[in-house]
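An overview of the molecular structure
Chain by chain, the residues run as shown.
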Amino acid sequence: GQSLEQPSEVTAVEGAIVQINCTYQTSGFYGLSWYQQHDGGAPTFLSYNALDGLEETGRFSSFLSRSDSYGYLLLQELQMKDSASYFCAPRNRDDKIIFGKGTRLHILP
Amino acid sequence: DGGITQSPKYLFRKEGQNVTLSCEQNLNHDAMYWYRQDPGQGLRLIYYSQIVNDFQKGDIAEGYSVSREKKESFPLTVTSAQKNPTAFYLCASSISATSGSNEQYFGPGTRLTVT
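Residues numbered from 1 in each chain as written. Chains lettered and ligands numbered in written order. Predicted model: local features only at pLDDT ≥ 70, side-chain atom pairs only at ≥ 80, totals over all residues. Heavy atoms only, no water.

What chain A contains, in helices and strands, is 0 helices and 10 strands. Counting from the amino terminus, helix and strand elements in chain A follow one another as β-β-β-β-β-β-β-β-β-β. Dimensions of chain A along its principal axes, counting C-alpha atoms only, are 40 × 30 × 20 Å. Within chain A, the fraction of its 109 residues that count as buried is 50%. Summing over all exposed atoms, chain A offers an accessible surface of approximately 5,100 Å²; the carbon and sulfur share of this is 48%. Averaging the coordinates of the 8 positive side-chain charges in chain A and doing the same for the 12 negative ones gives two points 7 Å apart. (Helix = DSSP H or I, 4+ residues; strand = E, 2+ residues; numbered from the N terminus. Buried < 20%, exposed > 50% of the residue type's maximum accessible area, 1.4 Å probe, protein only. Areas by Shrake-Rupley, 256 points an atom, 1.4 Å probe, with all protein chains shown as cover. Lys, Arg positive; Asp, Glu negative; His and termini not counted. Charge placed at Lys NZ, Arg CZ, Asp CG, Glu CD.)

Size of an interface: often given as the accessible area lost when the parts come together. With 25 residues of chain B at the contact, the number on the chain A side is 18 residues. Summed over both sides, the interface between chain B and chain A buries roughly 1,600 Å², with carbon and sulfur atoms accounting for 52% of that surface. At the surface where chain B touches chain A, the tally comes to 0 salt bridges. Counting the contacts that link chain B with chain A gives 2 residue pairs in polar contact (both at pLDDT 80 or more). Only β4 (31-37), β5 (43-51) and β9 (87-94) of chain B provide two or more residues apiece to the side of chain B that touches chain A. (Contact = heavy atoms within 4.5 Å. Buried area = accessible area lost by both parts, 1.4 Å probe. Salt bridge = Lys/Arg side-chain N within 4 Å of Asp/Glu carboxyl O. Polar contact = N/O pair within 3.5 Å; in protein donor to acceptor, adjacent residues only side chain to side chain.)

All names here are of chain B. This model, assessed by the stated rule, comprises 5 salt bridges over all chains. With a shortest N-O distance of 3.4 Å, K71 and D30 are connected by a salt bridge. Pair noted here: K71 is in the loop between β7 (64-66) and β8 (76-78) and D30 is in the loop between β3 (19-25) and β4, with a separation of 41 residues, a long-range link. Classification of K71 as partly exposed rests on a relative accessible area of 23%. Its salt-bridge partner being R44, residue D38 comes within 2.8 Å of it at the nearest N-O pair. Connected through salt bridges with shared partners, the residues R36, D38 and R44 form a single ionic network.

Turning our eyes to something else, we now look at the pairing of strand β1 (residues 4-7) of chain B. Residues and elements named next belong to chain B. Residue alternation in β1 divides its side chains into a buried set, I4 and Q6, and an unburied set, T5 and S7. The sheet contact formed by β1 and β3 spans 4 bridges and is antiparallel. In the strand pairing of β3, S7 is matched with S22. (Pairing = 2+ DSSP bridges.)

Now for the state of the cysteines. Residue and element names in this part refer to chain A. All chains considered together, the criterion is met by 2 disulfides over all chains. Paired through a disulfide, C22 and C88 show a sulfur-sulfur distance of 2.0 Å. Torsion about the S-S bond of the C22 and C88 cystine: about 65°, corresponding to right-handed handedness. Placement of C22 in strand β3 (residues 18-25) and of C88 in strand β9 (residues 84-91) is noted, with a sequence separation of 66 residues between them. The pair C22 / C88 is uniform in exposure class, with both members buried. (Disulfide = S-S within 2.5 Å.)

In short, the description is geometric, and any link to function would need to be established separately.
Next up, the structure:
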């Protein structure tokens, strides 16, 4: 079967660092993507990990451990504009991207 | 400008009517997708197409139909058989469903309300 778990909400302070965890179970696994979605908007692609380890893109980093079926998104130097929902999205062997319910990130000033 | 467009942004229909949502892309992408998003929920896959004249059912295809007669276009029809059609509908495209990250580019969405 397929399952995807990430926290429903996370709150952090502006300027801080926050980590959003994701565990997944899919029918075959090729890699893990992360998407950001602001309220009322469309999701936008942030990162993709096919191999174990950390990928860094500016203030955002994403980590994958294939053996643990686990990944996380790390956001540094948080800004108010980072308030959004974040979706981890594994790609399965049918080449589909599986989107979970996402994590709503609240940033406090 | 290259991109993916959906129209209209808001759509209102009476129960029992079929309605077609438009999705067009000029990114020269092979793959296109339709998702449904309900409040506070994730995205659920309705239909996807990896190539022109071919499409597959996603996880919640019942009550929906699609066509892919042109590479650029992937319209979605919400039929009267869909029991709970009010939702935010998102169309996406990717270069290819089988390569790399399958990074998907999303349109702005259509918010459908059926009363």
